[in-house]
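Listed here are the chains, written in short residue letters.
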Amino acid sequence: MKTQVAIIGGGPAGMLLSEILHRAGIDSVVLEAKSRAYVLSRIRAGVLEQGTVDVLRENGLGERMDRDGHAHDGAAIVWAGRDRYFIDAWKYVGKRFMTYGQTNIQEDLYAAADRRQARLINEAENVLPHGLTSQSPWVTFRHNGVDERLDCDFIAGCDGFHGVSRKSIPAAILKEFEKVYPFGWLGVLSETPPLNELIYCNHPRGFALASQRNPMLSRYYVQVPLDARVEDWSDDRFWTELKARYPREIADAIVTGPSIEKSIAPLRSFVAEPMRHGRLFLAGDAAHIVPPTGAKGLNLAVSDVFYLARALKAFYAGGSERLLDGYSDMALRRVWSSVRFSWWMTNLLHRFPGTTEFEQRAQEGELAYLASSRHASASVAEQYAGLPFEEA
Ligand code: FAS
Ligand code: PHB
């Protein structure tokens, strides 16, 4: 088999890259380890920055998003059982964000791939990149019991945190930065009408978040200890804890119902540098992980793909390698900006083990300052809405 760009991973990063390259006449093959059904069953992100929305629209992927998604001027933060602060992205930076589930985006990407009869190979086993520092790398894999080889010009490592691509960069070259948080998020999906806005909550009992997927699909989270187990959290226990953390009038507005999905996600910050080695380019969770507090994970995958696709288009259009050579540094500037913001939001809103009344009051003091300062509010709004993509 031969292609121009071999893409390892058929999640949002890999599938979006394949779609953008196809629209520029660049051939790719996507090698995905899991089945289509498995990939489409994953419940993950829900908030799309304006930049992500623009990229999806520009690549023919905006129709269902614009029909079923919900645009928001900002998100609220409540604390101490009373106060409310609105991160007003529209007022301060003239941007909105969209709530539209990553699951829907994945469905839209697979549907677009089917329409163009894309070469997408699910259940590819033992995927391994080779010849990374050569001019003609290749990828081996096993499919339907047959060993295959895919020759290519470039390899895009879009295979997530547990993938093979990052681990193919020599340890002597790769530098990793990591911070593991001492808690996780217990998330619930319920077929109930959501609150009409996103509301983050700081409370001495722990963090909580109210989000949405559509007018009859709600997404809620509560911070739980690292050793929490889903089986210990009945729906009743979840709803009681969620309501205990929100101010009374918000808690009373939360419509409860049976969970249709319940899972615990650990929180970590992780960055791998560089995001390129020879003809291998990392994009998305393969290169970085953020705690979901800042709603940046999926959005960073999209900005990586935007930069990488632009660089590959420049190469195939005119042979220039300038953007390919600049990809890692450009992507990492945005990655570190989002990693820092997500780390800051996580420290501001969560209850850390060993927190005393002093730290709780200091968090509440910072929230009160944000609410009182148009300068601070503008800074938070511009980061939450997503910084602009860099020019080529
Ligand atoms: P993904 O991990 O989505 O996709 C990688 C793909 O590569 C997968 O399909 C995998 O099967 C495949 N793969 C792995 N190894 C392979 C191999 N060796 N060969 C071939 N294929 C291989 N972000 C937010 O913004 N908000 C959230 O609330 C949020 N919640 C999350 C909850 C969970 C449980 C997780 C894990 C992530 C969450 N994220 C959230 C982050 C998430 O949305 C990611 O940022 C996003 O999925 C990144 O997309 P990809 O980089 O494509 O990686
Ligand atoms: C979600 O809707 O899943 C969501 C929203 C905002 C976040 C994280 C997750 O910061």
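The text that follows walks through the structure, step by step, so that each part is easy to find. (Residues numbered from 1 in each chain as written. Chains lettered and ligands numbered in written order. Predicted model: local features only at pLDDT ≥ 70, side-chain atom pairs only at ≥ 80, totals over all residues. Heavy atoms only, no water.)

## Some remarks on the site of ligand 2
So, point 1. The local shell around ligand 2 holds 14 residues, among which Tyr200, Ser211, Arg213, Tyr221 and Pro292 are the closest.
So, point 2. Contacts to ligand 2 include Tyr200, whose side-chain N or O atom sits 2.7 Å from an oxygen atom.
So, point 3. Tyr221 is positioned such that a nitrogen or oxygen atom in its side chain is 2.6 Å from an oxygen atom of ligand 2.
So, point 4. For ligand 2, whose accessible area on its own is 280 Å², the fraction buried by protein is 97%.
So, point 5. Looking at the shell around ligand 2 element by element, the count peaks at three residues for strand E15 (residues 208-214).
So, point 6. Of the residues contributing to the shell around ligand 2, the split by class is eight nonpolar, three polar and three charged. (Near = heavy atom within 4 Å. Polar contact = N/O pair within 3.5 Å; in protein donor to acceptor, adjacent residues only side chain to side chain. Areas by Shrake-Rupley, 256 points an atom, 1.4 Å probe, with all protein chains shown as cover. Helix = DSSP H or I, 4+ residues; strand = E, 2+ residues; numbered from the N terminus. Nonpolar A, V, L, I, M, F, W, Y, C, P; charged D, E, K, R; others polar.)

## Section: the site of ligand 1
So, point 1. Close contacts around ligand 1 come from 28 residues, with Glu32, Arg42, Arg44, Gln102 and Asp285 the closest.
So, point 2. One of the side-chain nitrogen or oxygen atoms of Arg44 is found 2.7 Å away from an oxygen atom of ligand 1.
So, point 3. At 3.2 Å from an oxygen atom of ligand 1 is found a main-chain nitrogen or oxygen belonging to Gly297.
So, point 4. Taken by itself ligand 1 offers 990 Å² of open surface, and the protein chains cover 82% of this.
So, point 5. If you list the elements that add at least two residues to the shell around ligand 1, you get helix H1 (12-23) and helix H9 (297-318).
So, point 6. For the shell around ligand 1, the residue count by class is 14 nonpolar, seven polar and seven charged.

## Some details on the side chain of Arg219
So, point 1. Within the fold, Arg219 resides in strand E16 (residues 217-225).
So, point 2. Its relative accessible area of 3% is what places Arg219 among the buried residues.
So, point 3. Within the local environment of Arg219, its side chain forms a polar contact with the side chain of Glu261, the two groups lying 2.8 Å apart.
So, point 4. Ignoring anything within four residues of it in the chain, the contact list for Arg219 reads Ile43, Gly187, Val188, Leu189, Leu209, Ala210, Ser211, Gln212, Arg213, Glu261 and Ser263. (Buried < 20%, exposed > 50% of the residue type's maximum accessible area, 1.4 Å probe, protein only. Contact = heavy atoms within 4.5 Å.)

## Structural notes on empty space enclosed by the protein
So, point 1. Tallied over the entire structure, the rule returns four cavities of 30 Å³ or more.
So, point 2. Here the largest cavity is characterised by a volume of approximately 70 Å³.
So, point 3. Together, Glu49, Lys296, Arg334, Ser337, Ser338, Phe341, Gln383, Gly386 and Leu387 line the largest cavity.
So, point 4. Sort the elements by how many residues they give to the lining of the largest cavity and helix H10 (residues 322-349) lands first, with four residues.
So, point 5. A class-by-class count of the residues in the lining of the largest cavity yields two nonpolar, four polar and three charged. (1 Å grid on protein atoms, 1.4 Å probe; cavity = no way out; pocket = protein on both sides within 12 Å on 5 of 7 lines; lining within 4 Å. Points joined across faces, edges and corners; volume = space filled by probe spheres on them.)

## A look at the nonpolar core
So, point 1. Ranked by size, the top nonpolar core spans 75 residues in total, and within it Leu16, Leu17, Leu31 and Leu48 carry the most contacts.
So, point 2. Ranked by residue count, the leading element in this core is H9, at 11 residues.
So, point 3. The contact partners of Leu48, leaving out residues within four places of it in the chain, are Val53, Leu56, Met65, Phe97, Met98, Tyr100, Ile105, Leu298 and Asn299.
So, point 4. Counting residues in hydrophobic clusters, the runner-up holds 29 residues, among them Val47, Ala75, Phe97 and Tyr221. (Core = buried A, V, L, I, M, F, W, Y, C linked by side-chain atoms within 4.5 Å.)

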